[in-house]
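# Summary of the model geometry
The primary structure of each chain is shown beneath.
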Protein chains: 2
Amino acid sequence: MLEEQVISNAEELLKKIEELHPSDIAYSLKRINKENHELFFNTIKQIPDELLGEVILELPDYLREDVYEELSIEKLTDAVEELESDDATDIIQEIEEIDENKAKEVIDGLEEEDQEEINWLKRYDQDEAGSYMQTELFSANLKETIQFSINRLREGKESDELVNIHQVFIVNDDKKLIASILLEDLIIFDFSKTYEEIINSHEENKFKPFIVQDNDDIDYVAKQFEKYDLSVVAVTGFQGMLMGRITADDILDVIEENATEQMYQLAGVDEEFEQDDNLLTIAKKRGFWLFLNLGTAILASLVIGLFDDTIQSYVALAILMPIVASMGGNAGTQTLAVMVRQLALGDIDFDNSKDAIKKEVFISIVNGFVFALIIGLIAWAWFDKTMLGVVIAMSMVINLFSAGFFGAVIPLLLKKFDIDPAIGSTVLLTTVTDIVGFFSFLMLAKIILL
Amino acid sequence: MLEEQVISNAEELLKKIEELHPSDIAYSLKRINKENHELFFNTIKQIPDELLGEVILELPDYLREDVYEELSIEKLTDAVEELESDDATDIIQEIEEIDENKAKEVIDGLEEEDQEEINWLKRYDQDEAGSYMQTELFSANLKETIQFSINRLREGKESDELVNIHQVFIVNDDKKLIASILLEDLIIFDFSKTYEEIINSHEENKFKPFIVQDNDDIDYVAKQFEKYDLSVVAVTGFQGMLMGRITADDILDVIEENATEQMYQLAGVDEEFEQDDNLLTIAKKRGFWLFLNLGTAILASLVIGLFDDTIQSYVALAILMPIVASMGGNAGTQTLAVMVRQLALGDIDFDNSKDAIKKEVFISIVNGFVFALIIGLIAWAWFDKTMLGVVIAMSMVINLFSAGFFGAVIPLLLKKFDIDPAIGSTVLLTTVTDIVGFFSFLMLAKIILL
């Protein structure tokens, strides 16, 4: 059983700290901070260097910022030094956002090799594969013997530089990646042989590495992990040179974050700003989407305004009209969620988009007739007027049809124009279902009833 | 670079099949099936046994069912035989759903050991860790030498029984799991030593395994992977006996599926039925949620009906009233998405739920006042009546406040009663924002304007 330990007592936490996972230490610190912010700082200052960096990375954003401000340059440098290159770069970039000089001084305190690596990794955009890669890896030259490289692995492990090693990457003299041999294969080979001998004595594809480019989009990389059930990919750059590797645990985070982003976008929320300390910033960002929705709602009101005489002469229309719009909005949201998600998962693409549209239209028409019948009968019984039932039923079919059709087409069109199909699609769709809903209902009423 | 190959020509596909990944073969078959269903069957029948099972697993549901019906018992048995225990069990269970006798005959054709494993694995519920575990793993007894166990690994690898091996699991004579040694550590040790000697010469926690129970919920297991950046966990059962292992690639799928389910639930879609062949089944399932929404919409209409005299004497109210309800629905959806997602990710729990509610209420009140001002001015200008602006502004503040408050409280309450916070929360919320929106606007209008 995993022992999840949360220790809210600072003294006890520090005593047991070597036995705990950084993730649990961070959780305990969060608890301590809730009780006493001062004690939180005193505790974190006493965390051993080799754990400190990893603990910081597990803290929530708002605490991380405080920590960067509070900890000394020396302490931060010692913590960063212990991290793998990708994590070290993340922390340096976060410190930079708060205090550029402090970040510079932390970098200056590192060994030259680490400095170069961090400066290299910093150049990648945050959605490029390069910004997710660790440069620490176990590689060997084609002409080396296995035993020779294993001795190097031993040194790397003793100095804690190499962890989470799944394979050895074989490169030629130009550092070009040639092959990748899993440790489960390596361990059963004759260690006195060279890698070249091993590779030549096996079939051609046996050690073919899974590779992505350093400037590939991280979402593409995540898709490859899912598709080929990978645990590690090699990252190469210019002329196939081996640059680093990306491991599945980073990809788990990417997938989880993408899913969050998508759900938020559909609801009109910017994931990036939700973590902000300042609630007014969050309110402003959410307000932007509400503002667009206000535009939609006013448009719908203008449509209603076209029929003010009709409503005045028959007030039941005002009572019933939100039903058609609401049902359209709901059916459209169903279609939208399915389309956006399946586009993201790759289950729908332009090849089969016609089938997807047909499917959604069929479903929405079926439900359109079902609910037309139900609401038609209800309206008839409620206001004792047959033709009112006919009007609302007809309008329901029309609006549910457009909900299904536009719910399917809007995300496809957005994608066609290289816009994320989740962004703004809800607002666009509601505009359609509101306007079609109100217009069809009131127009039909005007023609048929009056 | 990964070479993704899609080959739409059946002959060419079969010629190159040994070089392709099962995932790409499946994708190519899907293409072939689109052109010619007959050719699809002819092609899949010619896929070599050692690839067939994995290819089937990568096919979409609707094609898998056809394949189970079409392929002979012998062919299916040969395919299942080549799979790891968890995948073999999945296929057997899928065949069972279509044709129980066929499934039984396939099982009967397997080796006795495989039969026992599959029958064991079938007992687990689909959300239990046990149903995700592979029983094939590399384990060794405490008293064995490393060399002795590596010889066994070699045999396992030569017979293709052991793949995707990251560590050796060390058990005592009672099969109780004692330790887990990563291959990256194992490969640098002296192979003539026993595992007991190795373990005793290191600090106590060095080889402590990450363990879950076979009946743990798979969502809990996924959380552990994310929290501790795991690539494998051991699964133990009765008295700590080692039963199997779960690898990160399965967890990627779990996380992706959970995210899909959550998005769908918020939109009123049942993920489970969306893959159904029969579109009427999908329409029926979606219709259920639309039916609940119809109830909500009718409730809202009843509220409007209370004020029919008011509307009749001042028709501008009918024109403006959807705006307040729509803005409330939108703001509430924003809050709901954030709450549901953060509850799922564990960023919000009952400990800090008060803070979360306060945050959401604060944001919604801020936006309430902002949009009250905007819509107040618009309504005033539009209908040239100051008090109409005041009425809609007041109603906007009230409805956005309740959107924030109920958007935060509804998912928390659902969770408190052990209901998934995503299920039904949208319908509940819209009921609140529609009713509060219409009632507050029309009531204030009746009091202030008339």
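Here the structure is a predicted model, which is why all the values come from computation and not from measurement.

## Thoughts on the environment of B:Glu257
Residue and element names in this part refer to chain B. Looking at where Glu-257 falls in the secondary structure, it is placed in helix 14 (residues 248-267). Glu-257 sits in the partly exposed class, given a relative accessible area of 44%. Spatially, the C-alpha atom of Glu-257 lies 9.0 Å from that of Glu-271, the residues being 14 residues apart in sequence.

## Examining the relation of the copies chain B and chain A
Rotating chain B by 180° about the axis while translating it 0.0 Å along that axis superimposes it on chain A, leaving an RMSD of 0.2 Å. Expressed as a symmetry operation, the mapping of one chain copy onto the other fits a two-fold axis. For chain B, the residue whose C-alpha comes nearest the rotation axis is B:Gln312, separated from it by 2.7 Å. Both copies contact each other with a shared surface, as 100% of the interface residues of chain B are interface residues in chain A too.

## Some details on unusual backbone geometry
Non-glycine residue A:Asp418 carries a positive phi angle of around 60°. Structurally, A:Asp418 can be placed in the loop between helix 20 (386-416) and helix 21 (425-448).

## A word on the sheet that holds strand 1 (residues 139-141) of chain B
Residues and elements named next belong to chain B. As summarised here, the arrangement of the three strands in space is 1-2-3, forming an open sheet in which the pairing is mixed. Only two strands of the sheet have a single partner each, and these edge strands are strand 1 and strand 3 (177-182). Adjacent strand axes in the sheet meet at a mean angle of 30°, parallel and antiparallel pairs treated alike. Here three bridges tie strand 1 to strand 2 (residues 167-171), and the two strands are oriented parallel to one another. Its bridge partner lying in strand 2, Ser-139 is registered against Phe-169.

## Observations concerning the domain arrangement of chain A
On domain assignment, one finds that chain A holds domain 1 (10-123), domain 2 (139-255) and domain 3 (271-448). Between the C-alpha centres of domain 1 of chain A and domain 3 of chain A the distance comes to 49 Å.

## Points about the packing of aromatic side chains
The full count for this structure, using the stated rule, is 21 aromatic pairs over all chains. Ring centres 5.7 Å apart and planes at 65° place the aromatic pair A:Phe307 and A:Phe439 in the edge-to-face group. Note that A:Phe307 is positioned in the loop between helix 16 (279-305) and helix 17 (308-313) and A:Phe439 in helix 21, a separation of 132 residues in sequence. We classify A:Phe307 as buried; its relative accessible area is 3%. Centre to centre, the rings of B:Phe189 and B:Phe207 are 6.2 Å apart; their planes meet at 90°, and the pair counts as edge-to-face. Placement of the pair is B:Phe189 in the loop between helix 11 (183-186) and helix 12 (195-200) and B:Phe207 in the loop between helix 12 and strand 4 (211-213), with a sequence separation of 18 residues. The rings of A:Phe401, A:Phe405 and A:Phe406 are connected pair by pair, giving a single aromatic cluster. When the ring centre of B:Tyr27 is taken as origin, the NZ or CZ atom of A:Lys227, which lies over that ring, is 6.0 Å away.

## As for the UniProt feature "transmembrane region" (unreviewed entry) in chain A
According to UniProt, the "transmembrane region" (unreviewed entry) feature falls on residues 288-307, 313-340, 361-383, 389-414 and 426-449 of chain A. Summarising residues 389-414 of chain A: 100% helix, 0% strand, and an end-to-end C-alpha distance of 37 Å.

## Some points on the interface of chain B and chain A
Taken together, the contact between chain B and chain A spans 115 residues of the former and 115 residues of the latter. Where chain B abuts chain A, roughly 10700 Å² becomes buried across the two surfaces, and 62% of that area is made up of carbon and sulfur atoms. On the surface where chain B and chain A come into contact, there are 13 salt bridges. With its nearest N and O atoms 2.8 Å apart, the salt bridge here joins A:Arg286 to B:Glu360.

## Section: the pattern of salt bridges
Taken as a whole and judged by the stated rule, the model has 33 salt bridges over all chains. For A:Glu144, the salt bridge is made with A:Arg152, and the minimal N-O distance between the two is 2.6 Å. Classification of A:Glu144 by relative accessible area gives buried; the value is 12%. One network of salt bridges, in which partners are shared, links A:Lys157, B:Glu184, B:Asp185 and B:Lys206.

## Remarks on the side chain of B:Thr43
Residues and elements named next belong to chain B. For Thr-43, the location among the structural elements is in helix 3 (residues 37-45). Taking relative accessible area as the criterion, Thr-43 reaches 2% and is therefore assigned buried. Those residues in contact with Thr-43 that sit more than four places away from it in its chain are Ala-10, Leu-13, Leu-14, Leu-29 and Ile-32.

## Focus: the sheet that holds strand 6 (residues 242-247) of chain A
Residue and element names in this part refer to chain A. Spatially, 4-5-6 is the arrangement adopted by the three strands of the open sheet, whose pairing is mixed. A single partner strand is all that each edge strand has here, and the edge strands are strand 4 (211-213) and strand 6. The sheet shows a mean angle of 35° between the axes of neighbouring strands, direction not considered. Alignment of strand 5 (residues 232-236) against strand 6, held across five bridges, turns out to be antiparallel. Looking at strand 6, one finds that Ala-234 is bridged to Arg-245.

## Side note on the pairing of strand 5 (residues 232-236) of chain B
All names here are of chain B. Among the five residues that make up strand 5, five are buried, leaving the element largely enclosed by the rest of the structure. By the alternation rule, side chains of strand 5 split into Val-232, Ala-234 and Thr-236 and Val-233 and Val-235, which are all buried. In this region the chain leaves strand 4, passes through helix 13 (residues 218-228) and returns to the parallel neighbour strand 5; the handedness of that crossover is right-handed. Joining the antiparallel neighbours strand 5 and strand 6 (residues 242-247) is a turn of five residues, in which Gln-239 adopts a positive phi near 55°.

## A short note on the UniProt feature "domain: CBS" (unreviewed entry) in chain A
According to UniProt, the positions carrying the feature "domain: CBS" (unreviewed entry) are residues 204-261 of chain A. The distance separating the terminal C-alpha atoms of residues 204-261 of chain A is 41 Å; by composition the span is 43% helix and 24% strand.

## Some details on helix 18 (residues 316-345) of chain B
Helical geometry note: an α-helix holds 3.6 residues per turn, so side chains three or four residues apart project in the same direction. Residues and elements named next belong to chain B. For helix 18, spanning 30 residues, the distance from its first C-alpha to its last is 45 Å, which sits close to the expected 44 Å at 1.5 Å a residue. Along helix 18, 26 of the 30 residues are buried, which leaves the element largely enclosed by surrounding structure. After helix 18 finishes, the residue Gly-346 shows a positive phi value of roughly 80°.

Rules and cut-offs
Residues numbered from 1 in each chain as written. Chains lettered and ligands numbered in written order. Predicted model: local features only at pLDDT ≥ 70, side-chain atom pairs only at ≥ 80, totals over all residues. Heavy atoms only, no water. Helix = DSSP H or I, 4+ residues; strand = E, 2+ residues; numbered from the N terminus. Buried < 20%, exposed > 50% of the residue type's maximum accessible area, 1.4 Å probe, protein only. Least-squares fit on C-alpha atoms with pLDDT ≥ 70 in both. Contact = heavy atoms within 4.5 Å. Pairing = 2+ DSSP bridges. Axes fitted to C-alpha atoms, helices over the stretch in contact; angles between N-to-C directions. Domains from an automatic or database assignment. Phe/Tyr/Trp six-rings, centres within 6.5 Å; stacked < 30°, edge-to-face > 60°. Lys NZ or Arg CZ within 6 Å of the ring centre and 35° of its normal. UniProt positions renumbered as here; feature names shortened; annotations may be inferred. Buried area = accessible area lost by both parts, 1.4 Å probe. Salt bridge = Lys/Arg side-chain N within 4 Å of Asp/Glu carboxyl O. Right-handed = clockwise from strand over helix to strand, strands pointing away. Expected span 1.5 Å × (residues − 1).

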